[in-house]
Amino acid sequence: MRMRPESPTSSGEKKMAEDVKDESVATDSELLAADGSQNTAVEEEGGCTLLRRMEICVAEAEKRSGKNAVNMQETFTVYLIETRPMDAVAEGRNPAPDSLWRRYSEFELLRSYLIVTYPYIVVPPLPEKRAEFVWHKLSADNMDPDFVERRRVGLENFLIRVASHLVLSNDKILYHFLTEEHGWREVVYETGFQAKADSRLRALSATFRVRNTDKRFMDMKHYSDELQSHTSQLLRARARVADRLYGVFKVHGNYGRVFSEWSAIEKEMGDGLQSAGHHMDAYAASIDDILEEEEHYADQLKEYLFYAEALRAVCRKHELTQFELEMASQDLISKKHQREELATGIVRTFSFKGMTNKLFGQEAPEQREARLKLLEELITEGEDAVKEKTAECEEHVERAWVDMERFEEQKDKDLREALINYAVMQISMCKKGIQVWSNAKECFLKM
Amino acid sequence: MSGQTVPADFSGHMLDLDEDEDLEVFSKNTSLADGSPMPNSPSSMVNQYRLEEDEEEQQDANAKDIFVTVDNPESHVTAIETFIMYRVLTKTTRSEFDSSEYEVRRRYQDFLWLRSRLEENHPTLIVHPLPEKFVMKGMVERFNDDFIETRRRALHRFLNKISEHPILSCSQHFRVFLTAQELTSHKKQGPGFLSRMGETVRAVANSVRGLRSRPEEFTTMQEYVEDFSNKVCSVDKVTQRIIKEQREYLDEMRQYGPTYTQWAGSEEELAEPLKGVAGCVERCSKETEEQIHHLSEVLVPALHEYVLCAETLKAVMRRRDNIQAEFEAKNEALASRKVDQEALQEEVDALADRVELANNALKGDWSRWQSSMRTDLRSAFISTAEKNVEYYEKCLAVWESFLLSQRAEPSEQRDGEERLIPVMVGHHTSRHCDPNDQTYECLHNLHVHGQKFPLDSSSCCSSCCSSETLPLLWMENRMVAPSLMIVR
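Residues numbered from 1 in each chain as written. Chains lettered and ligands numbered in written order. Predicted model: local features only at pLDDT ≥ 70, side-chain atom pairs only at ≥ 80, totals over all residues. Heavy atoms only, no water.

### Comments concerning the overall build of chain B
Then, number 1: Of the regular secondary structure elements, chain B holds 11 helices and 9 strands.
Then, number 2: A total accessible area of about 24400 Å² is found for chain B, and carbon and sulfur atoms account for 52% of it. (Helix = DSSP H or I, 4+ residues; strand = E, 2+ residues; numbered from the N terminus. Areas by Shrake-Rupley, 256 points an atom, 1.4 Å probe, with all protein chains shown as cover.)

### A short note on the overall build of chain A
Then, number 1: When helices and strands are tallied, chain A shows 14 helices and 3 strands.
Then, number 2: Per-residue burial for chain A yields a buried fraction of 51% across its 447 residues.
Then, number 3: Expressed as a percentage of contacts within chain A between residues at least 6 apart in sequence, the contacts between residues at least 24 apart total 77%.
Then, number 4: Entry remark: accessible area of chain A is about 21500 Å², with carbon and sulfur atoms responsible for 52%. (Buried < 20%, exposed > 50% of the residue type's maximum accessible area, 1.4 Å probe, protein only. Contact = heavy atoms within 4.5 Å.)

### Quick word on the sheet that holds strand β1 (residues 54-67) of chain A
Residues and elements named next belong to chain A.
Then, number 1: Taken together, the 3 strands give an open sheet; going across it, the order is β1-β2-β3, and neighbouring strands pair in antiparallel fashion. Both edges of this open sheet fall to β1 and β3 (98-103), since each of them pairs with a single strand only. Direction aside, neighbouring strands of the sheet carry axes that sit 25 degrees apart on average.
Then, number 2: Relative to strand β2 (residues 73-85), β1 runs antiparallel, the two being bridged by 13 bridges. Counterpart to Met54 in the pairing with β2 is Pro85.
Then, number 3: Across the sheet, helix α6 (residues 145-163) touches β1 and β2, and the angle it forms with β1 is around 135 degrees. (Pairing = 2+ DSSP bridges. Axes fitted to C-alpha atoms, helices over the stretch in contact; angles between N-to-C directions.)

### Thoughts on the domain arrangement of chain B
One widely used convention gives an interface's size as the accessible area the parts lose upon coming together.
All names here are of chain B.
Then, number 1: The domain architecture assigned to chain B consists of domain 1 (63-190) and domain 2 (191-406).
Then, number 2: Across the contact, 22 residues belong to domain 1 and 24 residues belong to domain 2.
Then, number 3: Taken together, the links from domain 1 to domain 2 amount to 5 salt bridges.
Then, number 4: In this assembly, domain 1 and domain 2 are joined by 14 residue pairs in polar contact (both at pLDDT 80 or more). (Domains from an automatic or database assignment. Salt bridge = Lys/Arg side-chain N within 4 Å of Asp/Glu carboxyl O. Polar contact = N/O pair within 3.5 Å; in protein donor to acceptor, adjacent residues only side chain to side chain.)

### With respect to unusual backbone geometry
Then, number 1: The phi torsion at Asn71(A) lies on the positive side, around 60 degrees, for a residue other than glycine.
Then, number 2: Of note, Asn71(A) is situated in the loop between β1 and β2.
Then, number 3: On the basis of relative accessible area, Asn71(A) is assigned to the exposed category, the value being 57%.
Then, number 4: A positive phi angle, close to 55 degrees, is found at Asn72(B), a residue other than glycine.
Then, number 5: Mapping Asn72(B) onto the fold places it in strand β1 (residues 66-77).

### Some words on the state of the cysteines
All names here are of chain A.
Then, number 1: Using the criterion set out here, one finds 0 disulfides over all chains in the structure.
Then, number 2: Free cysteine Cys315: the closest other cysteine sulfur is in Cys393, separated by 13 Å.
Then, number 3: Overall, the relative accessible area of 0% leaves Cys315 in the buried class. (Disulfide = S-S within 2.5 Å.)

### A closer look at the sheet that holds strand β2 (residues 82-92) of chain B
Residue and element names in this part refer to chain B.
Then, number 1: Reading across the sheet, the 3 strands line up as β1-β2-β3 and stay open at both edges, with antiparallel pairing between neighbours. Both edges of this open sheet fall to β1 and β3 (101-107), since each of them pairs with a single strand only. For this sheet the average axis-to-axis angle between neighbouring strands, irrespective of direction, equals 20 degrees.
Then, number 2: Pairing of β2 with β3, which is carried by 7 bridges, proceeds in the antiparallel orientation. In the strand pairing of β3, Met85 is matched with Arg107.

### Here's the deal with the confidence of the model for chain A
Residue and element names in this part refer to chain A.
Then, number 1: Mean pLDDT over chain A works out to 83, with 84% of the residues at or above the 70 mark.
Then, number 2: Averaged pLDDT values for the elements of chain A fall to 36 in helix α2 (residues 28-32) and rise to 95 in helix α11 (residues 215-263).
Then, number 3: Confidence drops under pLDDT 50 across residues 1-46; counting only partners more than four residues distant or on other chains, this segment forms 72 contacts. (pLDDT = per-residue confidence, 0-100.)

### Considering the interface of chain B and chain A
Then, number 1: Chain B puts 64 residues into the contact, and the matching count from chain A is 62 residues.
Then, number 2: Taken over both partners, the interface formed by chain B and chain A buries close to 6400 Å², and the fraction arising from carbon and sulfur atoms is 70%.
Then, number 3: Scanning the region where chain B abuts chain A turns up 6 salt bridges.
Then, number 4: As a salt-bridge pair, Arg244(A) and Glu248(B) come within 2.5 Å of each other at their nearest N and O atoms.
Then, number 5: Linking chain B with chain A are 18 residue pairs in polar contact (both at pLDDT 80 or more), by the criterion used here. (Buried area = accessible area lost by both parts, 1.4 Å probe.)

### Quick word on the packing of helix α5 (residues 104-117) of chain A against helix α7 (residues 172-179) of chain A
All names here are of chain A.
Then, number 1: Interaxial distance between α5 and α7 falls to 10 Å at its minimum, and their mutual angle equals 170 degrees. Between α5 and α7, the crossing angle belongs to the class labelled roughly antiparallel. Like other packed secondary-structure pairs, α5 and α7 cross with a definite hand, here left-handed. Contacts between α5 and α7 involve Glu106, Phe107, Leu110 and Tyr113 on the former and, on the latter, Ile173, Leu174 and Phe177.
Then, number 2: Partitioning the contact of α5 with α7 into residue classes produces 6 nonpolar, no polar and 1 charged. (Parallel < 35°, antiparallel > 145°, perpendicular 65-115°, else oblique. Left-handed = near helix turned anticlockwise from the far one by under 90°. Nonpolar A, V, L, I, M, F, W, Y, C, P; charged D, E, K, R; others polar.)

### Some thoughts on the packing of helix α9 (residues 216-264) of chain B against helix α10 (residues 271-335) of chain B
All names here are of chain B.
Then, number 1: Interhelical geometry of α9 versus α10 gives an angle of 165 degrees and a closest axis separation of 8 Å. Compared by their axis directions, α9 and α10 come out roughly antiparallel. Our pair here, α9 against α10, has a crossing hand that is left-handed.
Then, number 2: Its residues assigned to classes, the contact of α9 with α10 shows 32 nonpolar, 12 polar and 9 charged.

### Details of the nonpolar core
Then, number 1: Ranked by internal contacts, the top residues of the largest apolar core, which has 158 residues, are Phe259(A), Trp262(A), Tyr260(B), Trp369(B), Phe381(B) and Trp399(B).
Then, number 2: Counting residues in hydrophobic clusters, the runner-up holds 31 residues, among them Ile84(B), Tyr86(B), Val127(B) and Ala361(B). (Core = buried A, V, L, I, M, F, W, Y, C linked by side-chain atoms within 4.5 Å.)

### Observations concerning the packing of aromatic side chains
Then, number 1: Throughout the structure, instances matching the rule amount to 29 aromatic pairs over all chains.
Then, number 2: An angle of 75 degrees between the planes, with centres 5.2 Å apart, marks the rings of Tyr256(B) and Tyr260(B) as edge-to-face. Taken as a pair, Tyr256(B) and Tyr260(B) lie in helix α9 at a separation of 4 residues, close to a single helical turn. Across the pair, exposure class does not vary: Tyr256(B) and Tyr260(B) are buried alike.
Then, number 3: One aromatic cluster is present, built from ring pairs that chain together Tyr255(A), Phe259(A), Trp262(A), Phe444(A), Tyr224(B), Phe228(B), Tyr306(B), Trp366(B), Trp369(B) and Phe381(B). (Phe/Tyr/Trp six-rings, centres within 6.5 Å; stacked < 30°, edge-to-face > 60°.)

### Notes on the pattern of salt bridges
Then, number 1: One pass over the structure, following the stated rule, counts 66 salt bridges over all chains.
Then, number 2: For Arg107(B), the salt bridge is made with Glu81(B), and the minimal N-O distance between the two is 3.1 Å. Note that Arg107(B) is positioned in strand β3 and Glu81(B) in the loop between β1 and β2, a separation of 26 residues in sequence.
Then, number 3: Note on Arg107(B): relative accessible area 14%, which makes it buried.
Then, number 4: Looking at Glu81(B), the relative accessible area reads 32%, which means it is partly exposed.
Then, number 5: Glu217(B) is the partner of Lys363(B) in a salt bridge, and the nearest nitrogen-oxygen pair spans 3.4 Å. Here Lys363(B) is found in helix α11 (residues 341-407), whereas its partner Glu217(B) is found in helix α9, with 146 residues between them in sequence.
Then, number 6: With a relative accessible area of 35%, Glu217(B) lands in the partly exposed category.
Then, number 7: One connected set of salt bridges, linked through shared partners, spans Glu128(A), Arg150(A), Arg238(A), Glu294(A), Glu295(A), Asp299(A) and Lys302(A).

### Regarding α7(A)
Every α-helical turn comprises 3.6 residues, leaving residues that sit three or four positions apart pointing alike.
All names here are of chain A.
Then, number 1: Here α7 lies mainly inside the structure; 6 of its 8 residues are buried.
Then, number 2: Turning to α7, its buried residues number three or more, namely Lys172, Ile173, Leu174, His176, Phe177 and Leu178.
Then, number 3: N-capping of α7 is provided by Asp171, with a side-chain oxygen placed 2.7 Å from the backbone N of Ile173.

In structure tokens, the structure reads:
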């Protein structure tokens, strides 16, 4: 089975696959209507997503070598994305999947594009770039096969989440990513999304200077900080526990060795000791699988650790749009004041022009007329800007709130399942323990 | 020592403090075959028919006629020193004891005295070791409660081992130890310091000379003792290391649980399951603590005792060798014809006898000791394994109850499928369940393959659940609570 069923989306995906029969399926033509330029998301009724039409998986990972941007030789991993039309799958036909290879940096590019293009969506995160929260035995090496494997699962999870998102799944660039191996980077850059990206400085400035933010968004931002902090604390503590548990189990392996040696010098006790020793070896070895499985649980938590960042980004975008709106309004007001000033001669506020007028005398009426006319134009522009910004802000609030609620529901469901999975893993470990020690007891009885 | 019995007439030897007193006792012991009447209490007669008195299971209350306990440690302060006095209680039906109950107070030094007298009188018997004299490194105060309790238990075991020994328990010194209110006067009697020194010098001289020919069985024994000493020391070390690792694991667990609780503080829907997990981790931590405690109380003392025993055995082997060496030395002197033959001949004969008695004593006690060692260590290991099983069972129950609590949330999507089936899972293969039920998922490797299969299939997921990985846990839909109880 290519997809790990414990991946939180799998049950959701299965559910959607089941619903396929009930819902109307969007035709491919809708998707391909666009002429290659960027499209904006279309929210359809009935919520059809790409995943309904297409089965997606990240099947394999491979090492490649090549020259990088600075013409140096490097080794990297590529991942095989396979897609198959869903109706073929449903009908039981098993056509060969279409496939292409992508490396991690391309996934990153895709995600950057999505973040910029859909700033009101909590965009699913990618699996971590480097192994973090590593406990001692676990390698922090990016080339480590276990790490690569977990990353493969994470990338698949990412694609499934994106492809099942009502809004994101309709994106052309996404479709292209999944279907056309070559030239994809160029297409992405051509969308010019990088120019639309908000500068960090602007965003930061907005955070500090904005005045009237939507309380819900501020609460959500606060929540995202908490989510990030709590999950990272949990992950860190879990890694330490795993490390210790590993030590406990492995030391029991020494029993295996010593019992075996000891059994050689004993007559009656020998057999019992020897077989008990074998069980101790088995016990010591069992921890590897146990902790490997637990890494999947850690991955599920990590996903939401990274989701917190995405959530915060949406909140920040709100701050930014709101701030820009406030700036535009401010600007408009100040221009209107200037006009009033010019028109009536009443100086409301201190201004340089006002000072110079007083000092050097008023300007000529023609100049005043010209300036008034200019101001009127600017005011009209300003009014349009305010309208635009208001719309932008409101639209963002509306759409973002919808997605944040969706996210919250998804998060509650996924994490609850993850916790249950964790309990299941613990139960499995306990049962193994009961087994081993019961066996050991039998051996000791024979001593 | 099979067949050894309580000596016929003990009373005559009570005041005979000659070094050879117990050898006389040995030479009189032809008892069993001729069935000579024992003037001892009826219950002690049972002893003589006990061919193998090593298995603890065979010793029922009737066979044991002396019960000793060590308890009630109390601090005694004098001008010079502070020490602990332990209460030693004796209950016995043996006739050589004037009364049937005794209560005395003894300090560690007194135990040392007893043991050294026993070793002196029975140089090739295996006298159970005492707990160590000096404190373990790392302890600040000599008399902290744990140390005292550990020592008390070891002293208790020591006296019980002596009282179970067919020969040592008849020792006059043992009786004096148990009964005399004031031990100091008894301590002063016996071979003096100088004579003991002389013995040691002779022993060293003899060991330097080397043995002519050690009987093969004792060479084998010697090799075994070396190996045994190494192995039991290793097991002891491994066990200590396990305890250390467990303690560190426990410390981390105690930090880990609260991270769930803290997170719950900022969640709504998730708060309840998060707190649930936190609770589970906490309860499992408590179980871990208990398990560590058990290891320290049961396995560690047992192993430690036998580490000390190994040293005792080495000393016994050395003493036996010395006895033989002494004889060989005198024998050689005799052969050289340089000295007074007659007088020497007598001495050589006596020494030859001594060698034979020593060897027989050791041989007899050896199998007794081995049996006893087997019993003691076996039971310590079994107890440890049982405790570990119990530990995992308790943790299992903790996590299962969490799953139960999660299942209690009504799952709106699934209707009609939910039914809690009381399934009893035993750890020995059988599983009982309601035959009317439909399909189940094997919990074992749920996240690898969530396949469903009928309950009566004997192989659920042969890839992971072989018969070795029982008990299988059957659940209806992963979310539902599984078994309700675990049956032994």
